[in-house]
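Structural characterization, general
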Amino acid sequence: QVQLVESGGGLVQAGGSLRLSCAASERIFSLYTMGWFRQAPGKEREFVGTIDRSGGRTDYADSVKGRFTISRDNGKNTVYLQMANLKPGDTAVYYCAAAPLLRFGLRNSGDYTYWGRGTQVNVSS
């Protein structure tokens, strides 16, 4: 059982930046493809981005491409989501997720086995 704990959320003005972290309990963290998703009130959970097991490849939703960056530190069992030029439309609960799969580019929430509880990001206009 992998436990994931997100942190770093908060309130930021439009145009600002935040960095979210997701710490994993699993010692073999490097075997998991990691993803970030978000869910705004009244909306379905949506894909934000994903990173492969080595950290060498990333994939992003069009809505965040060029503004958000995912990275990971396998030595610290942590994945990050650096968010820049934030917009009010980015307001949501952000979740990290882990998939024990080798495939890259996992955009479907059903591909991920383990989920954190989420961290709230609010972007004011």
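Take the sheet that holds strand 3 (residues 18-24) next. Spatial strand order, 1-3-8-7: four strands in an open sheet with antiparallel pairing. The open sheet has two free edges, formed respectively by strand 1 (4-7) and strand 7 (68-73), since each of these has just one partner strand. On average, adjacent strands in this sheet sit at an angle of 15 degrees to one another, irrespective of strand direction. Across six bridges, the pairing between strand 3 and strand 8 (residues 78-83) is antiparallel. Note on strand 8: the bridge partner recorded for Leu 20 is Leu 81.

This brings us to the pairing of strand 3. As a general feature of sheets, a regular strand has side chains that alternate between the two faces. Counting buried positions along strand 3 yields five of seven residues, so the element is predominantly enclosed. The pairing of strand 1 with strand 3 spans four bridges and is antiparallel. Pairing of Ser 7 across the sheet is with Ser 21, part of strand 3.

Cut-offs applied
- Residues numbered from 1 in each chain as written.
- Predicted model: local features only at pLDDT ≥ 70, side-chain atom pairs only at ≥ 80, totals over all residues.
- Heavy atoms only, no water.
- Pairing = 2+ DSSP bridges.
- Helix = DSSP H or I, 4+ residues; strand = E, 2+ residues; numbered from the N terminus.
- Axes fitted to C-alpha atoms, helices over the stretch in contact; angles between N-to-C directions.
- Buried < 20%, exposed > 50% of the residue type's maximum accessible area, 1.4 Å probe, protein only.

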